[in-house]
Amino acid sequence: MSANSNDIITLTGGIDVGNGYVKGVIQNTKQGTFDELDLPSAVVSTSRTSPKVPLPDADAASVLAGDFYNQIDCSLTTSLVAASDRRIFGRAALSVRGSKFTEFEVLGKHSKADQELSKVLVLGVFAAKALRDYVRENGALPDHELRVQVRAGLALPISEFVARRHAYAAEFIGLLGSSDPAVHLVTIKNFSTPVSVRLEFVDVQVMAEGASAQFAITDKGEPLAQALLDDLRARDASLVEGVSASDLVAVQNTIGVDVGEGTVNFPVFTDGRFNPEAAATLDEGYGTALMNAMERMSESDATLQFSSRKQLADFLHAEPSVLVRNRHQRAAGFVEDEASYLVDEIVSSFGDVLSQAGATTEVVYVYGGGSGPIKHLLHPALLKAAGDVPVLYLDSSYSRHLNREGLYIAARHVEQQALAAKPAGMRSKEVA
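About the cut-offs
- Residues numbered from 1 in each chain as written.
- Predicted model: local features only at pLDDT ≥ 70, side-chain atom pairs only at ≥ 80, totals over all residues.
- Heavy atoms only, no water.
- Salt bridge = Lys/Arg side-chain N within 4 Å of Asp/Glu carboxyl O.
- Helix = DSSP H or I, 4+ residues; strand = E, 2+ residues; numbered from the N terminus.
- Axes fitted to C-alpha atoms, helices over the stretch in contact; angles between N-to-C directions.
- Parallel < 35°, antiparallel > 145°, perpendicular 65-115°, else oblique.
- Contact = heavy atoms within 4.5 Å.
- Buried < 20%, exposed > 50% of the residue type's maximum accessible area, 1.4 Å probe, protein only.
- Pairing = 2+ DSSP bridges.
- Expected span 1.5 Å × (residues − 1).
- Bend = angle between axes of the 7 residues up to and from the residue.
- Left-handed = near helix turned anticlockwise from the far one by under 90°.
- Arc of directions from axis to C-beta.
- pLDDT = per-residue confidence, 0-100.

Participant: How would you sum up the pattern of salt bridges? Please name residues and give values.
Facilitator: Per the stated rule, a full pass over the model turns up 22 salt bridges. One salt bridge connects Asp35 with Arg136, and the closest N-O pair in it is separated by 3.7 Å. Here Asp35, found in strand β3 (residues 34-40), pairs with Arg136, found in helix α3 (residues 116-138); they are 101 residues apart in sequence, far enough to count as distant. The network of salt bridges with shared partners includes Asp35, Lys129, Arg132, Asp133 and Arg136.

If you want it as structure tokens, here you go:
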């Protein structure tokens, strides 16, 4: 029996699945509610029935109103996932012992498109959004399966985007030529009563990592451009002397340096369009420096042992107490040494991209979650390599979210086109 269209939850979201963190924004298009999410790109998998004690159903409203994306506990039945093991997401996964901890590989050439984790994370967060919205509206868990239609904007590293974007989208939507869409069943098990969420993807837009961030900068126009200029002027007015927000929005020829945990992407825009011929990906990132530093520490300093690169990154990010200050300094020294090698690789790749893009390049943007910790090394090196091309180093507190914004804009744009193509009567019914 087909579900009534009024019972189907419709979601549109941009999900930036980074090697270190998942950043996303999802809108429930019927309720008009937005969720912004930020969680570590990691899950714990276990075949045990109850790795955690289920929460009472009566607590669902309060639990789901909090940071539920970092507490998701679910199993998945889908062709995209080999085993239906129970999986715990985000920060909750960092504290579960005795199970398999999975994060993205940042050493080697294993494609993100082929790593099952990327699909697990995308399916899990859309299912969580659907359940949050149902309980927000109804005050209690559903007594039936939730049906959800999804429009998504996703990203791949530039080197994978060119060859894999169509196949990656088809994995979520279903095989080309098939009349039946792919169905992905997510069973959320945080509560005493499990909840089944059936996801069907109506459309998936795949963009190149970094390109989606620059798309967001352009699409948001002068308000964002002015905010960027104000921030940059507060730190070094000489970098943008005489530049207005309208000047920045009008720029057509740019290079991005998108520093992630496992890759650094160099999206190039020529005459306002993404130029895959000049763009490039460096298969290293800040996570590579962390992993190499961990290896050196394990060999030479028994007091500096970390279970994962996330644990090391959190240790370095926190203000150290007097008792661990010396350890903190030693760990930072190991990472600094490895980061200097990474910066050399980034600058070398940037030089190649700049040569390929040509003398028309008007501005270089630097952003991404991995750009903040290495700014003191990378920014001066890029300024030197760029010559008289302005290098605008965006603050990572907001620049790490630009990719998700661009991905959402892409998904929303296609949704609006589809709505506009419908007869007026059908449009008015949907709006109502």
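Participant: Please set out the packing of helix α7 (residues 286-300) against helix α8 (residues 309-317) residue by residue, giving values where relevant.
Facilitator: Two elements in contact, α7 and α8, have axes whose closest approach is 9 Å; the angle formed by their N-to-C orientations is 95 degrees. It follows from the interaxial angle that α7 and α8 lie roughly perpendicular. Seen from α7, the contacting residues are Tyr286, Gly287, Leu290, Met291, Met294 and Met297; seen from α8, they are Arg309, Leu312, Ala313 and Leu316.

Participant: So what's going on with the pairing of strand β11 (residues 254-259)? Which residues, and what values?
Facilitator: In terms of burial, β11 is largely enclosed, as six of its six residues are buried. Across two bridges, the pairing between β11 and strand β13 (residues 268-270) is antiparallel. Each residue of the ladder has a partner; that of Thr254, found in β13, is Phe269. Note: β11 against strand β16 (residues 363-367), five bridges, orientation parallel. Looking across to β16, one finds that Gly256 is bridged to Tyr365.

Participant: An account of the environment of Glu338 is requested, with residue identities and associated values reported.
Facilitator: Turning to its location among the elements, Glu338 is positioned in helix α9 (residues 325-357). On a C-alpha basis, the gap between Glu338 and Ala381 in space is 16 Å, while along the polypeptide they are 43 residues apart. When sequence neighbours within four positions are dropped, the list of residues in contact with Glu338 reads Ala289, Asn292, Ala293 and Arg296.

Participant: Please set out the side chain of Glu405 residue by residue, giving values where relevant.
Facilitator: With respect to the helices, strands and loops of the structure, Glu405 is situated in helix α12 (residues 402-421). For Glu405, the contacting residues outside a window of four places in its chain are Ala216 and Lys220.

Participant: Let's hear about helix α5 (residues 211-236): which residues, and what values?
Facilitator: In an α-helix, one turn spans 3.6 residues, which is why side chains three or four residues apart end up on the same side. For α5, with 26 residues, the first-to-last C-alpha span of 26 Å runs short of the 38 Å given by 1.5 Å per residue. Where α5 bends most, the angle comes to about 120 degrees, and this point is Gly221, followed within four residues by the proline Pro223. Considered for burial, the residues of α5 that qualify are Ala211, Ser212, Ala213, Gln214, Ala216, Ile217, Gly221, Leu224, Ala225, Leu228, Leu229 and Leu232.

Participant: Go over the environment of Val135, please, and point to the residues and values.
Facilitator: Relative to the helices and strands, Val135 is located in helix α3. Judged by relative accessible area, Val135 falls into the buried class, the value being 4%. Counting along the chain gives 74 residues from Val135 to Ala61, while the straight-line C-alpha distance between them is 6.1 Å. Apart from the residues within four sequence positions on either side, Val135 is in contact with Ala60, Ala61, Leu64, Ala140 and Leu141.

Participant: Give me the packing of α9 against helix α10 (residues 375-386): which residues, what numbers.
Facilitator: Put simply, α9 and α10 touch, their axes get as near as 10 Å, and they point 25 degrees apart. Between α9 and α10, the crossing angle belongs to the class labelled roughly parallel. Helix-helix and strand crossings are classified by hand; for α9 and α10 the assignment is right-handed. For the pair formed by α9 and α10, the contact residues are Glu336, Ala339, Ser340, Val343, Ile346, Val347, Phe350 and Leu354 on the first element and His376, Leu377, Leu378, Ala381, Leu382, Ala385 and Ala386 on the second.

Participant: Describe in detail α10, supporting the description with residues and values.
Facilitator: In a regular helix each residue adds 1.5 Å, so twelve residues correspond to 16 Å; α10 covers 16 Å between its end C-alpha atoms and thus fits that length. Regarding α10, the residues found buried are Leu378, His379, Leu382 and Ala386. The buried residues of α10 all sit within an arc of 100 degrees when viewed along its axis, so they share a single face. Those residues of α10 hidden inside the fold are in contact with β11, α9, β16 and β17 (391-393). Of the residues trailing α10, Gly387 is marked for its positive phi of about 70 degrees.

Participant: Describe in detail the confidence of the model for the chain, supporting the description with residues and values.
Facilitator: Put simply, the chain has an average pLDDT of 88, and 92% of its residues get 70 or more. A low-confidence stretch, residues 426-432 (pLDDT under 50), is modelled with five contacts involving residues beyond four sequence positions or located in other chains.

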